[in-house]
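Results of the structural survey
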Amino acid sequence: MLKVAVFDEEHEKDLEEEINHFLAELDDNQVKDIKYSVTLTIDDDGEQLYCYSALILYRI
């Protein structure tokens, strides 16, 4: 059976830590694919806001 796990963080290092923690619980052959995305927007004050996200497709 395939499942997905979605991660979303404001900082790239936070996303990396969350994914590494999740992957440590899986065997290497369970991970089927990882999709990564970065989104940038500018708020009303002109500040850049980043969203780092990843979707992991894995087999249980």
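For the structure, check the block above.
About the cut-offs
- Residues numbered from 1 in each chain as written.
- Predicted model: local features only at pLDDT ≥ 70, side-chain atom pairs only at ≥ 80, totals over all residues.
- Heavy atoms only, no water.
- Patch = residues over 30% accessible without salt bridge, like charges linked within 9 Å, V, L, I, M, F, W, Y side chains within 5 Å.
- Areas by Shrake-Rupley, 256 points an atom, 1.4 Å probe, with all protein chains shown as cover.
- Salt bridge = Lys/Arg side-chain N within 4 Å of Asp/Glu carboxyl O.
- Helix = DSSP H or I, 4+ residues; strand = E, 2+ residues; numbered from the N terminus.
- Buried < 20%, exposed > 50% of the residue type's maximum accessible area, 1.4 Å probe, protein only.
- Contact = heavy atoms within 4.5 Å.
- Core = buried A, V, L, I, M, F, W, Y, C linked by side-chain atoms within 4.5 Å.

A word on a nonpolar patch on the surface
A cluster of nonpolar side chains, namely Y36, V38, L40 and Y50, defines an oily patch on the protein surface of about 380 Å² accessible area. The element best represented in the nonpolar patch is strand 2 (residues 31–42), accounting for 3 residues. Within the secondary structure, L40 is located in strand 2. With relative accessibility at 46%, the residue L40 sits in the partly exposed group.

Quick word on the side chain of Q30
Topologically, Q30 is positioned in the loop between helix 1 (12–24) and strand 2. Leave out the neighbours within four places in its chain, and Q30 touches L57, Y58, R59 and I60.

Quick notes on the nonpolar core
Judged by nonpolar contacts, A5, F7, L15, I19, F22, L26, Y52, A54, I56 and Y58 together constitute the single largest core of 10 residues. Looking at this core, the elements with two or more residues in it are strand 1 (2–9), helix 1 and strand 3 (48–59). For this core, the element with the most residues is strand 3, which contributes 4 residues. Other than its neighbours up to four places away in sequence, F7 contacts L15, E18, I19, F22, Y52, S53, A54 and I56.

A look at the environment of A5
Here A5 is to be found in strand 1. Since its relative accessible area comes to 10%, A5 is described here as buried. Each C-alpha atom of the pair A5 and I34 lies 9.6 Å from the other, and the pair is 29 residues apart in sequence. A5 has contacts with F22, A54, L55, I56 and Y58, leaving out every residue within four places of it along the chain.

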